[in-house]
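Each chain, letter by letter, is given below.
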Amino acid sequence: FHSYPDPTERFVAVNAHHKTYLEGVTIPLSFNNHTDASTRRRKGGRVTLLDVHFQSANAINFVLDKFLHPALHKFDEVWIITGSGSHVGVGHQKRESGGVLYNAVQRYLAQQERDDSIEFRVGRYPAGGARSGGAFLVRRLRR
């Protein structure tokens, strides 16, 4: 993905991989919003994912500002996939426990949550053990 120095182009290229797959599956809602009346009216709600693999910690706020909120207006829940950084043994991507990108996304989401615009949860892979992050589930707060 070095052929995509622009963060927006890189995001679009990575997520193009998921587009066809997502059109053919239904991802179940994971928050408890199946009790929310507006979600019930839409017959179960809608879920999508944003894959931010290959983004830098420096560019992630720009990418999430551009793509997360539009996705949250279209979908009830959004999974943000970062990877846990476990495959990066050394170098700048693994400087922080959990991986630089994972931690940058978590800080971004925590700020958005403090601003009362979203809420999020850390995703865990069932087979991955205690340190198996790499994804966040996000939903917009409806006021």
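Up top you'll find the structure we're talking about.
Being a predicted model, the structure only gives us computed values, none of them experimental.

All right, on to the sheet that holds strand E1 (residues 47–51) then. Taken in spatial order, the four strands line up as E1-E2-E4-E3 in an open sheet, and their pairing is mixed. Every other strand in the sheet has two partners, leaving E1 and strand E3 (118–123) as the edge strands with one partner each. For this sheet, the mean angle separating the axes of adjacent strands, direction not counted, is 25°. One ladder, built from six bridges, connects E3 with strand E4 (residues 135–140); its direction is antiparallel. Its bridge partner being in E4, Gly-123 is matched across the sheet by Ala-135. Packing against the sheet, helix H4 (residues 100–114) makes contact with strand E2 (77–81), E3 and E4, and its axis sits at approximately 150° to E3.

You can see Thr-48 is positioned in strand E1. Judged by its relative accessible area of 10%, Thr-48 is buried. When near neighbours in sequence (up to four residues on either side) are disregarded, Thr-48 contacts Leu-22, Phe-75, Glu-77, Val-78 and Trp-79.

This part takes up the nonpolar core. Counting 23 residues, the largest nonpolar core has Leu-68, Ile-80, Val-105 and Leu-109 as the members making the most contacts within it. Of all the secondary structure elements, the ones that give two or more residues to this core are helix H3 (60–74), E2, H4, E3 and E4. Element by element, the count of residues in this core is highest for H3, at seven residues. Other than its neighbours up to four places away in sequence, Leu-68 contacts Leu-50, Val-63, Val-78, Ile-80, Tyr-108, Leu-109 and Val-138.

Before going further, it helps to examine the pattern of salt bridges. Here the structure, examined in full by the defined rule, presents two salt bridges. Put simply, Arg-121 and Glu-119 hold a salt bridge, and the shortest N to O gap is 3.3 Å. On the basis of relative accessibility, which here comes to 13%, the residue Glu-119 falls in the buried class. Here Glu-119 and Arg-139 are joined by a salt bridge, their closest N and O atoms 2.6 Å apart. Here the residue Glu-119 occupies a position in strand E3, and Arg-139 occupies one in strand E4, the gap between them amounting to 20 residues. In terms of burial, Glu-119 and Arg-139 fall into one category: buried. Within the structure, one salt-bridge network assembled from shared partners comprises Glu-119, Arg-121 and Arg-139.

Criteria and cut-off values
Residues numbered from 1 in each chain as written. Predicted model: local features only at pLDDT ≥ 70, side-chain atom pairs only at ≥ 80, totals over all residues. Heavy atoms only, no water. Pairing = 2+ DSSP bridges. Helix = DSSP H or I, 4+ residues; strand = E, 2+ residues; numbered from the N terminus. Axes fitted to C-alpha atoms, helices over the stretch in contact; angles between N-to-C directions. Contact = heavy atoms within 4.5 Å. Buried < 20%, exposed > 50% of the residue type's maximum accessible area, 1.4 Å probe, protein only. Core = buried A, V, L, I, M, F, W, Y, C linked by side-chain atoms within 4.5 Å. Salt bridge = Lys/Arg side-chain N within 4 Å of Asp/Glu carboxyl O.

Any link to function would need more than the numbers given here.
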